[in-house]
Amino acid sequence: PQQAARITSLENTISRGDLVTQKIGVYGQLALYWKDSAGQYLPYLWYTGEKAKLEKSEKNLNFAAHSYLDELRGVGDPSLKSWMALQAKDLFTRSLEMNPLNDSAKVGLGSTFFFGAGGDASPMEGIMSIREVATRDTSNMYAQFMLGYGGMISGQLDKAAERFLKVVENEPGNNEAV
């Protein structure tokens, strides 16, 4: 009951005036509440993403999108995974509208296709986007890792292993690649 009252209290602080600024503040508070007090990461992600959309900050949009992407790799429920991927896709798309040269956002956007954000589009469309970055910048280990992950998802285990080995050679402490 105390937690419900706290959430309602925060939500009801938005009134007249500069609603965007008020929402940014309240969404930030609600995000932290869900993460720290309630221990619920999904509402934290949602409020963080909504706050980033209102702030129109490339940095915050990328942070929120990558947070969704990192978290959804461990989600088993297909509909939840698809929803989270769509949220990440929206945030990456907004970020790329601000800075089309952001390779991290390009790789992230391509990665959302692995999890169903492409709708009827093939995950290969996402892989092509990531491959463009990896070909141009062979030292981009994030792109190499996500290509490995895409290979793993698509059952191309030899290609996945090749990419993961490249990441491990360059980042021996990358436990996920190991």
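Before going into details, it helps to say that this report is about the structure given with it. The structure presented is a predicted model; accordingly, all values stated were derived computationally and were not measured. (Residues numbered from 1 in each chain as written. Predicted model: local features only at pLDDT ≥ 70, side-chain atom pairs only at ≥ 80, totals over all residues. Heavy atoms only, no water.)

### Focus: the overall build of the protein
Right, so step 1: A count of helices and strands for the protein gives nine helices and zero strands.
Right, so step 2: Going from the N terminus to the C terminus, the protein shows its helices and strands as α-α-α-α-α-α-α-α-α.
Right, so step 3: With the C-alpha coordinates of the protein rotated into their principal frame, the extents come out at 55 × 35 × 35 Å.
Right, so step 4: A burial count over the protein gives 40% of its 178 residues as buried.
Right, so step 5: Expressed as a percentage of contacts within the protein between residues at least 6 apart in sequence, the contacts between residues at least 24 apart total 46%.
Right, so step 6: With an accessible surface of roughly 9,600 Å², the protein has 54% of that area assigned to carbon and sulfur atoms. (Helix = DSSP H or I, 4+ residues; strand = E, 2+ residues; numbered from the N terminus. Buried < 20%, exposed > 50% of the residue type's maximum accessible area, 1.4 Å probe, protein only. Contact = heavy atoms within 4.5 Å. Areas by Shrake-Rupley, 256 points an atom, 1.4 Å probe, with all protein chains shown as cover.)

### Overview of a nonpolar patch on the surface
Right, so step 1: A cluster of nonpolar side chains, contributed by Leu42, Trp46 and Trp83, occupies part of the molecular surface with about 240 Å² of accessible area.
Right, so step 2: Structurally, Trp46 is set in helix α3 (residues 41-55). (Patch = residues over 30% accessible without salt bridge, like charges linked within 9 Å, V, L, I, M, F, W, Y side chains within 5 Å. Salt bridge = Lys/Arg side-chain N within 4 Å of Asp/Glu carboxyl O.)

### Side note on the side chain of Gln144
Right, so step 1: Of note, Gln144 is situated in helix α8 (residues 141-153).
Right, so step 2: A polar side-chain atom of Gln144 sits 2.7 Å from a polar atom in the side chain of Arg163.
Right, so step 3: Beyond its immediate chain neighbours, meaning those up to four positions away, Gln144 contacts Ala134, Thr138, Arg163, Lys166 and Val167. (Polar contact = N/O pair within 3.5 Å; in protein donor to acceptor, adjacent residues only side chain to side chain.)

### Section: the layout of surface pockets
Right, so step 1: When its volume is computed, the largest pocket comes out at roughly 210 Å³.
Right, so step 2: Met124, Ile127, Arg131, Leu147, Gly150, Gly151, Ser154, Gln156, Lys159, Ala160, Glu162 and Arg163 are the residues that line the largest pocket.
Right, so step 3: A per-element tally of the lining of the largest pocket places helix α9 (residues 157-170) first, with four residues.
Right, so step 4: When grouped by side-chain class, the residues that make up the lining of the largest pocket number four nonpolar, four polar and four charged. (1 Å grid on protein atoms, 1.4 Å probe; cavity = no way out; pocket = protein on both sides within 12 Å on 5 of 7 lines; lining within 4 Å. Points joined across faces, edges and corners; volume = space filled by probe spheres on them. Nonpolar A, V, L, I, M, F, W, Y, C, P; charged D, E, K, R; others polar.)

### Notes on the environment of Ala117
Right, so step 1: Structurally, Ala117 can be placed in the loop between α6 (103-112) and α7 (123-136).
Right, so step 2: Sequence spacing of Ala117 and Gln87 is 30 residues, and the spatial spacing of their C-alpha atoms is 8.4 Å.

### Quick notes on α7
In an α-helix, one turn spans 3.6 residues, which is why side chains three or four residues apart end up on the same side.
Right, so step 1: Along its 14 residues, α7 runs 20 Å from first to last C-alpha, staying within 8% of the 20 Å computed at 1.5 Å per residue.
Right, so step 2: The complete set of buried residues in α7 reads Gly126, Ile127, Ile130, Val133 and Ala134. (Expected span 1.5 Å × (residues − 1).)

### With respect to the nonpolar core
Right, so step 1: In this structure, Phe92, Phe114, Phe115, Ile130 and Met146 are the most contacted members of the largest nonpolar core, which totals 44 residues.
Right, so step 2: Beyond its immediate sequence surroundings of up to four residues, Phe114 is in contact with Pro123, Ile127, Ile130, Met146, Tyr149, Gly150 and Ile153. (Core = buried A, V, L, I, M, F, W, Y, C linked by side-chain atoms within 4.5 Å.)

### Focus: α3
Right, so step 1: With 15 residues, α3 should reach 21 Å at 1.5 Å per residue; the first-to-last C-alpha distance of 21 Å fits that figure.
Right, so step 2: Buried positions along α3 lie against α1 (2-11), α2 (19-37), α4 (58-72) and α5 (78-98).
Right, so step 3: Looking one or two residues past α3, Lys56 carries a phi angle of roughly 55 degrees, positive in sign.

### So, the packing of α2 against α3
Right, so step 1: For the pair α2 and α3, interaxial distance at closest approach is 8 Å and the crossing angle is 160 degrees. Overall, the two elements α2 and α3 adopt an arrangement that is roughly antiparallel. For α2 against α3, the interelement crossing comes out left-handed. Counting all contacts with α2, which are made through Val20, Lys23, Ile24, Tyr27, Gly28, Leu30, Ala31, Leu32, Trp34 and Lys35, the residues of α3 involved are Tyr41, Pro43, Tyr44, Tyr47, Thr48, Glu50, Lys51, Leu54 and Glu55.
Right, so step 2: When its residues are assigned to classes, the contact of α2 with α3 shows 12 nonpolar, two polar and five charged. (Axes fitted to C-alpha atoms, helices over the stretch in contact; angles between N-to-C directions. Parallel < 35°, antiparallel > 145°, perpendicular 65-115°, else oblique. Left-handed = near helix turned anticlockwise from the far one by under 90°.)

Fair warning: the whole summary comes from geometry, so function is off the table for now.
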